[in-house]
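The primary structure of each chain is shown beneath.
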Amino acid sequence: MSEQVKKFIRVDHAGEYGAARIYAGQLAVLGRGKHGDTLRHMKAQEQVHLDFFAGEIASRRVRPTVLLPLWNFAGFALGAVTAAMGPRAAMACTVAVEESIDEHYKAQEAALDEDEAELRGTIAKFRAEELEHRDIGLANEAEKAVGYSLLSRVIKAGCKVAIRISEQI
Ligand SMILES: [Fe+2]
Ligand SMILES: [Fe+2]
């Protein structure tokens, strides 16, 4: 297995871990509200994504990122803080994060060769679900959040940095 594939698995594991923590943070604030079931649905899908990459980490003996404790905290905090700003801000967070993941997975699909066709197929399937999450965010008035474009830009920039360093360390 190439170093590149190892990097992909490390960063995807980190990302799905962070995503599950974001939805956990949102649920801590909004779990009893009208979006509770929607958030639980998305969190359950992130858990499937996370379980898959945790399995790849184990079976391929890839070292996970040392930053998991940070993503544990930062993911939950991002979810809880945006949720505390209101359901629209929570959905704006979802849109920004899922768009970042979509781009990230799209680039990986393009980079993976036939010898990793199965992994590529799984990433494509997950990416379709991330786009579903983005659409759920948009359908729930993400764009009407106060300060949407700033919020979106800040979160996307954060995702980029998180992806970059989770590939490396
Ligand atoms: Fe995911
Ligand atoms: Fe997602």
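Residues numbered from 1 in each chain as written. Chains lettered and ligands numbered in written order. Predicted model: local features only at pLDDT ≥ 70, side-chain atom pairs only at ≥ 80, totals over all residues. Heavy atoms only, no water.

The next point concerns the coordination of the iron ion (ligand 2). Around the iron ion (ligand 2), the donor atoms from the protein are Glu46 (OE), Glu98 (OE), Glu98 (OE), Glu130 (OE) and His133 (ND1), and they sit 1.9 to 2.5 Å away. Within one chain, the residues donating to the iron ion (ligand 2) are spaced in sequence as E-x51-E-x31-E-x2-H. Here glutamate 98 falls in the buried class, since its relative accessible area comes to 1%. (Donors = N, O, S within 2.8 Å, 3.2 Å for Na, K, Ca; no water. Buried < 20%, exposed > 50% of the residue type's maximum accessible area, 1.4 Å probe, protein only.)

A few words now on the packing of aromatic side chains. Under the defined criterion, the tally for this structure stands at three aromatic pairs. Consider the rings of phenylalanine 52 and phenylalanine 53, whose centres lie 5.0 Å apart with planes at 75 degrees: the pair is edge-to-face. Where phenylalanine 52 meets phenylalanine 126, the ring centres are 5.6 Å apart and the plane angle is 80 degrees; that geometry is what we call edge-to-face. Pair noted here: phenylalanine 52 is in helix α2 (residues 36-59) and phenylalanine 126 is in helix α5 (residues 117-139), with a separation of 74 residues, a long-range link. Ring pairing ties together the aromatic residues Phe52, Phe53 and Phe126, which thus form one cluster. (Phe/Tyr/Trp six-rings, centres within 6.5 Å; stacked < 30°, edge-to-face > 60°. Helix = DSSP H or I, 4+ residues; strand = E, 2+ residues; numbered from the N terminus.)

The subject of this paragraph is the side chain of glutamate 46. Among the structural elements, glutamate 46 can be located in helix α2. Only 3.0 Å separates the side chain of glutamate 46 from the side chain of histidine 133, close enough to count as a polar contact. In contact with glutamate 46, other than residues within four places in its own chain, are Glu16, Ala19, Ala20, Tyr23, Glu98, Glu130 and His133. (Polar contact = N/O pair within 3.5 Å; in protein donor to acceptor, adjacent residues only side chain to side chain. Contact = heavy atoms within 4.5 Å.)

Moving on, we get to the packing of α2 against α5. With their axes 11 Å apart at the nearest point, α2 and α5 run at an angle of 160 degrees to one another. The orientation of α2 relative to α5 falls into the category roughly antiparallel. Seen along the crossing, α2 lies across α5 with a hand that is left-handed. Between α2, through Thr38, His41, Met42, Gln45, Glu46, Val48, His49, Phe52, Phe53 and Glu56, and α5, the contact on the second element is made entirely by Leu119, Thr122, Ile123, Phe126, Glu129, Glu130, Glu132, His133 and Ile136. Within the contact of α2 with α5, the residues separate by chemical class into eight nonpolar, six polar and five charged. (Axes fitted to C-alpha atoms, helices over the stretch in contact; angles between N-to-C directions. Parallel < 35°, antiparallel > 145°, perpendicular 65-115°, else oblique. Left-handed = near helix turned anticlockwise from the far one by under 90°. Nonpolar A, V, L, I, M, F, W, Y, C, P; charged D, E, K, R; others polar.)

By the secondary structure assignment, histidine 13 is in helix α1 (residues 3-30). Judged by its relative accessible area of 8%, histidine 13 is buried. Non-local contacts of histidine 13, meaning those with residues more than four positions away in its chain, are made with Leu50, Phe53, Ala54, Ile57, Pro64 and Leu68.

On to the layout of surface pockets. The volume enclosed by the largest pocket comes to roughly 450 Å³. Ranked by residues supplied to the lining of the largest pocket, first place goes to α1 with eight residues. When the residues that make up the lining of the largest pocket are grouped by side-chain class, the tally is 14 nonpolar, seven polar and two charged. (1 Å grid on protein atoms, 1.4 Å probe; cavity = no way out; pocket = protein on both sides within 12 Å on 5 of 7 lines; lining within 4 Å. Points joined across faces, edges and corners; volume = space filled by probe spheres on them.)

Distances from the iron ion (ligand 1) to its protein donors, Glu16 (OE), Glu16 (OE), Glu46 (OE), His49 (ND1) and Glu130 (OE), fall within 2.0 to 2.7 Å. Within one chain, the residues serving as donors to the iron ion (ligand 1) are arranged as E-x29-E-x2-H-x80-E. Between the iron ion (ligand 1) and the iron ion (ligand 2) the interatomic distance amounts to 3.8 Å, and glutamate 46 serves as a bridging ligand to the pair. Remark: histidine 49 and glutamate 46 occur in helix α2; sequence separation between them is three residues, near one turn of the helix. A relative accessible area of 0% means that glutamate 46 is categorised as buried.

Moving on, we get to the environment of alanine 20. In this structure, alanine 20 sits in helix α1. For alanine 20, a relative accessible area of 6% corresponds to the buried category. Each C-alpha atom of the pair alanine 20 and lysine 34 lies 20 Å from the other, and the pair is 14 residues apart in sequence. Leaving out residues up to four positions away in the same chain, alanine 20 has contacts with Lys43, Glu46 and Leu50.

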